[in-house]
Amino acid sequence: MNFGAIGKIILTISLILFIIGSLFYFMGKAGFKGFPGDFLYKKDGFRFYFPVATCLVISIILTIVFNLFLYLLRR
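The structure contained in this document is the topic of the report that follows. (Residues numbered from 1 in each chain as written. Predicted model: local features only at pLDDT ≥ 70, side-chain atom pairs only at ≥ 80, totals over all residues. Heavy atoms only, no water.)

Time to look at a nonpolar patch on the surface. A contiguous nonpolar surface patch, about 970 Å² in accessible area, is contributed by Leu15, Phe18, Ile19, Leu23, Phe24, Met27, Phe32, Phe35, Val57, Ile58 and Ile61. Of all the secondary structure elements, the ones that give two or more residues to the nonpolar patch are helix H1 (3-29) and helix H2 (52-74). The element contributing the most residues to the nonpolar patch is H1, with six residues. Tracing the chain through its elements places Phe32 in the loop between H1 and strand S1 (39-43). Relative accessible area serves as the criterion here: at 33%, Phe32 is assigned to the partly exposed category. (Patch = residues over 30% accessible without salt bridge, like charges linked within 9 Å, V, L, I, M, F, W, Y side chains within 5 Å. Areas by Shrake-Rupley, 256 points an atom, 1.4 Å probe, with all protein chains shown as cover. Salt bridge = Lys/Arg side-chain N within 4 Å of Asp/Glu carboxyl O. Helix = DSSP H or I, 4+ residues; strand = E, 2+ residues; numbered from the N terminus. Buried < 20%, exposed > 50% of the residue type's maximum accessible area, 1.4 Å probe, protein only.)

Laid out in structure tokens, this is it:
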């Protein structure tokens, strides 16, 4: 078992999660409420929010990040 490689993987994943968490934190502080295409339904004390567009954008970004990560691991 190569502990050096495992350590690099864990540090890389934690760095990616830190960056993503920081983005979400600062986007919330800046007043970001979501993208056009996110569904919000309000009625008599009931609120349903389904972030379709936000999920798509996050999915695309994570796909690019993980593909780059896998590409760098194969080198």
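Now that the structure has been shown, the text picks up again.
Mapping Thr54 onto the fold places it in helix H2. In this structure the side chain of Thr54 is engaged in a polar contact, spanning 2.7 Å, whose partner is the side chain of Asp38. Once residues within four sequence positions are removed from consideration, Thr54 is found in contact with Gly34, Phe35, Asp38 and Tyr49. (Polar contact = N/O pair within 3.5 Å; in protein donor to acceptor, adjacent residues only side chain to side chain. Contact = heavy atoms within 4.5 Å.)

Bear in mind that shape data such as this cannot, by itself, settle questions of function.
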